Amino acid sequence: MPLHRGDVAKDGASDRRTRRVNPFYGEANPVSGMTEAPPTHRLPDAPLAPSTAYQLVHDELMLDGNARLNLATFVTTWMEPQADVLLSECRDKNMIDKDEYPQTAELERRCVAMLADLWHAPDPGTVVGCSTTGSSEACMLAGMALKRRWARRNPDRYPAKDVRPNLVMGVNVQVCWDKFCTFWEVESRQVPMEGDRFHLDPGAAAELCDENTIGVVGIMGSTFDGSYEPVGELCAALDRLQERTGLDVPVHVDGASGAMIAPFLDEDLVWDFRLPRVVSINTSGHKYGLVYPGVGWALWRSTAELPDDLVFRVNYLGGEMPTFALNFSRPGAQVVAQYYTFLRLGREGFRAVQQTTRDVARGLADRIGSMGDFRLLTRGDELPVFAFTTAPDVTAYDVFDVSRRLREHGWLVPAYTFPANREDLSVLRVVCRNGFSSDLAELLLEDLGRLLPELRRQPHPLIRDREAATGFHH
Ligand SMILES: *Cc1c(COP(=O)(O)O)cnc(C)c1O
C-alpha cells in the first residue's frame, strides 16, 4: 500500500464546499431527497441507500485507466467469464480456514503438486509449497527460510553483534528483495550492471559470497528488461566456489514471471529444480499464471530446506493444518481460479497462450527496432517483455518524452533510468500479456509512428521533472 496520510485540511475544505449529488441518485430517499454528496474523508453520519452508494463509487472509478492499454504491468487484466463465476462463488472463502474449506485447501495442494512437476522437483513426495498473496510474500518466505537455515548451520556464530548475514543478487532485483533485506536485517549485496550486461554476472555473484551468505537470488526474468538470468551458470560458479573454499551457498530462483513462461516455451533451458543447488522457487500466479491479482506460489525442493520452526500450526479454526505465511486471513478465490486455469489450459494450452504473447512481443520489438529512432536492449524472446532506448543520434527528444506523449493516447509505457553502473541509461519498457493482441500492438505502432515526426521537431528533450513524468512499475 502507498503510505497514505489522513489529509484533514483537504477533508475540511471539501466538506465546507457543498457538493451536489445528481438528483437521480437521491431518488432512493424520496422523503429527505438527498441532494448533498456525503463527506469523503470521514465517515458519513448516516447510511446511504445501496444504489446511491454504488453510483457514487462507480462514477469515481471511471477515472481509473483502461487496464488493457497498460503495458507497464505484468499482472493479469483479463480472465474468462467462467473464471469470473468461480471467483464470485468463492469470494467469501478464507484461505486460512482449511477446516471449513477443505476442498479449497485440496485445490491449493494440487496446484503445489502441479508446479513441483512443472519445475522438475526430483522427489515430489518431499516437496513443500504454499500459495501466497503474490511473489513478494513468497520471496519473504523463501528469504526467511534461507536465513534460518544459514543460522542453523552457524549456531556458534549467530546471533552475534559483529556477524551480519547477507544475500547476494543482481542490482536488477525487484524491490521485494530490498524489502526482504531491510525487514529481516540482512545485508543486500548487489552485483552492478556493466556495459551491455543488465543482470547478474555469475562470477561476480560468487565473488561476493562469504561464510555469512544465506543464498544467491537468480531471476527468471528481470523486471528491468525481461531477460532471464543465467541460473545454470550461476549454480556452476557456486559449485566452483564450493570446490575452492568449501562454502555451500544455496540458490533461490525468483521466477515471478519466467517460472510460468520457461517451462512451456524454453523446455531445454535448465533453471529449476533440475539444478541441485536450487532450493526454492517462487512465481506470481497473477502474472503469467494468468489469474487476477492476489496469488503467488513458493516451493521448496524438500522439507529439509524449510526449517520446521518457521511452520505454524494453529488449532483455533479446528484442525491442525501446518501453514507458512505472513498473513493469517486471505481470500481463497484466487487459489481456486489458479486451479481452474491449470485444468482449463493444461500444458498445451499454456504453451499456446504464452507463445502467442511472445510472438506479439517479438513482432512489436522488431518493428520498433526497425523504425530507426530506437535501439533495442532486449527483443521479447525471453519474457515477452522488451526494453528499448533512443538511438545515439536522437537528441531532440528522449524516452521520457515518448512515454508522456504515448500516455496522451491512452498507452501506459513507462520510462525509467537503470541502476548502478548504468544510471546513464534510460529506457522504455513494454510488457506484453495475454489479451494484448497483435491488433492492439498495431494500434500502438500507429500511434508511435504518428508521434515521431512531432518529437523529432522538438528543440530538445522537454520533460524536466523526470520523476513526476513517469512511474516505474515492476
Ligand atoms: C513482480 C515481481 C515480484 C513481485 O511480485 P508480486 O507478485 O507483485 O508481489 C518479484 N520479483 C520479480 C522478478 C517480479 O517480476
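Residues numbered from 1 in each chain as written. Predicted model: local features only at pLDDT ≥ 70, side-chain atom pairs only at ≥ 80, totals over all residues. Heavy atoms only, no water.

A word on the side chain of Ser-280
Okay, step 1: Position of Ser-280 relative to the elements: it lies in strand β6 (residues 278-284).
Okay, step 2: Here the side chain of Ser-280 touches His-252 through a polar contact of 2.8 Å, side chain to side chain.
Okay, step 3: Discounting chain neighbours no more than four positions away, the residues touching Ser-280 are Ala-142, Val-251, His-252, Val-253, Phe-273, Leu-299 and Trp-300. (Helix = DSSP H or I, 4+ residues; strand = E, 2+ residues; numbered from the N terminus. Polar contact = N/O pair within 3.5 Å; in protein donor to acceptor, adjacent residues only side chain to side chain. Contact = heavy atoms within 4.5 Å.)

A few points about the sheet that holds strand β7 (residues 296-300)
Okay, step 1: Across the sheet, which stays open at both edges, the seven strands sit in the order β1-β7-β6-β5-β4-β2-β3 with mixed pairing between neighbours. The open sheet has two edge strands, β1 (128-132) and β3 (187-191), and neither has a second partner. The mean angle between the axes of side-by-side strands here comes to 20°, regardless of whether they run parallel or antiparallel.
Okay, step 2: Pairing of β1 with β7 involves five bridges; the strand directions are antiparallel. Following the sheet pairing, Cys-130 is matched in β7 by Ala-298.
Okay, step 3: Packing of helix α8 (residues 231-245) onto the sheet brings it into contact with β4 (213-219), β5 (251-254) and β6, and relative to β5 it is tilted by some 170°. (Pairing = 2+ DSSP bridges. Axes fitted to C-alpha atoms, helices over the stretch in contact; angles between N-to-C directions.)

Side note on the site of the ligand
Okay, step 1: Looking at the ligand, there are 13 residues lining it, with Ser-135, Ser-136, Asp-254, His-286 and Lys-287 nearest.
Okay, step 2: For the ligand, an oxygen atom lies 2.8 Å from a polar atom in the side chain of Ser-284.
Okay, step 3: Relative to its unbound accessible area of 380 Å², the ligand is 90% covered by the protein chains.
Okay, step 4: Looking at the shell around the ligand residue by residue, the class counts come to three nonpolar, eight polar and two charged. (Near = heavy atom within 4 Å. Areas by Shrake-Rupley, 256 points an atom, 1.4 Å probe, with all protein chains shown as cover. Nonpolar A, V, L, I, M, F, W, Y, C, P; charged D, E, K, R; others polar.)

Thoughts on helix α11 (residues 399-408)
Okay, step 1: Counting buried positions over the ten residues of α11 gives seven, a clear majority of the element.
Okay, step 2: Residues of α11 that are buried include every one of Val-399, Phe-400, Asp-401, Val-402, Ser-403, Arg-405 and Leu-406, and no others.
Okay, step 3: Positive backbone phi, approximately 95°, marks Gly-410, located one or two places after α11. (Buried < 20%, exposed > 50% of the residue type's maximum accessible area, 1.4 Å probe, protein only.)

Some words on the side chain of Thr-73
Okay, step 1: Locating Thr-73 in the fold gives a position in the loop between α2 (50-60) and α3 (81-89).
Okay, step 2: With near-sequence residues (within four places) excluded, Thr-73 lies in contact with Val-431 and Arg-433.

Comments concerning the pattern of salt bridges
Where charged atoms from two side chains of opposite charge approach closely, those side chains can pair.
Okay, step 1: Evaluation of the coordinates by the stated rule reveals 24 salt bridges.
Okay, step 2: A salt bridge links Arg-148 to Asp-309; its shortest N-O distance comes to 2.9 Å. Within this pair, whereas Arg-148 is found in helix α5 (residues 135-153), its partner Asp-309 is found in the loop between β7 and β8 (312-313), the two being separated by 161 residues in sequence.
Okay, step 3: What you see here is one network of salt bridges that share partners, running through Glu-106, Arg-109 and Arg-110. (Salt bridge = Lys/Arg side-chain N within 4 Å of Asp/Glu carboxyl O.)

So, the nonpolar core
Okay, step 1: Among the nonpolar cores identified, the biggest contains 63 residues, and Trp-119, Leu-238, Trp-271, Val-278 and Leu-299 are the most heavily contacted of them.
Okay, step 2: A domain split of this core shows at least three residues from each of domain 2 (84-342) and domain 3 (356-468).
Okay, step 3: Setting aside its immediate chain neighbours within four residues, Leu-299 contacts Val-112, Leu-115, Ala-116, Trp-119, Val-127, Val-128, Gly-129, Phe-273, Val-279, Ser-280 and Ile-281.
Okay, step 4: Core analysis: the next-biggest nonpolar cluster, separate from the first, contains 35 residues, Leu-376, Phe-436, Leu-440 and Ala-441 among them. (Core = buried A, V, L, I, M, F, W, Y, C linked by side-chain atoms within 4.5 Å. Domains from an automatic or database assignment.)

Describing the packing of α5 against helix α6 (residues 175-183)
Okay, step 1: At a minimum axis separation of 9 Å, α5 and α6 run at an interaxial angle of 45°. Considering the angle they form, α5 stands oblique to α6. As α5 packs across α6, the resulting crossing turns out to be right-handed. Residue-level contacts link Ser-136, Cys-139, Met-140, Gly-143 and Met-144 of α5 to Cys-176, Trp-177, Lys-179, Phe-180 and Phe-183 of α6.
Okay, step 2: Residues that form the contact of α5 with α6 fall into these classes: seven nonpolar, two polar and one charged. (Parallel < 35°, antiparallel > 145°, perpendicular 65-115°, else oblique. Left-handed = near helix turned anticlockwise from the far one by under 90°.)

Some thoughts on unusual backbone geometry
Okay, step 1: Here Tyr-158 and Pro-159 are connected by a cis peptide whose omega angle stands at 0°.
Okay, step 2: Structurally, the position occupied by Pro-159 is in the loop between α5 and β2 (166-170).
Okay, step 3: With an omega of 5°, the peptide bond running from Met-220 to Gly-221 counts as cis.
Okay, step 4: With respect to the element layout, Gly-221 can be found in the loop between β4 and α8.
Okay, step 5: Here His-120, not a glycine, exhibits a phi torsion of approximately 60°, which is positive.
Okay, step 6: With respect to the element layout, His-120 can be found in the loop between α4 (102-118) and β1.
Okay, step 7: Among the residues examined, His-120 registers a relative accessible area of 37% and is labelled partly exposed.
Okay, step 8: Phi is positive for Glu-185, which is not a glycine, with a value near 55°.
Okay, step 9: Checked against the element boundaries, Glu-185 lands in the loop between α6 and β3.

Observations concerning the UniProt feature "modified residue: N6-(pyridoxal phosphate)lysine" (unreviewed entry) in the protein chain
Okay, step 1: Taking the UniProt record as the reference, the feature "modified residue: N6-(pyridoxal phosphate)lysine" (unreviewed entry) is found at Lys-287.
Okay, step 2: For Lys-287, a relative accessible area of 10% translates into the label buried.
Okay, step 3: Ignoring any residue separated from it by four or fewer positions in sequence, one finds Lys-287 in contact with Phe-74, Val-75, Thr-76, Ala-256 and Ser-257. (UniProt positions renumbered as here; feature names shortened; annotations may be inferred.)

Thoughts on α6
Okay, step 1: Of the positions making up α6, those classed as buried are Cys-176, Trp-177, Phe-180 and Cys-181. The buried side chains of α6 occupy one side of the element, clustering within an arc of 140° when seen end-on. Of the residues in α6, the exposed ones pointing more than 90 degrees away from the buried face are Thr-182 and Phe-183.
Okay, step 2: For α6, the secondary structure elements touched by its buried residues are α5, β2, β3, β4 and β5.
Okay, step 3: Capping of α6 at its N-terminal end is provided by Gln-174; its side-chain oxygen lies 2.8 Å from the backbone amide nitrogen of Cys-176.
Okay, step 4: Glu-185 occupies a position one or two residues after α6 and carries a positive phi of about 55°. (Arc of directions from axis to C-beta.)

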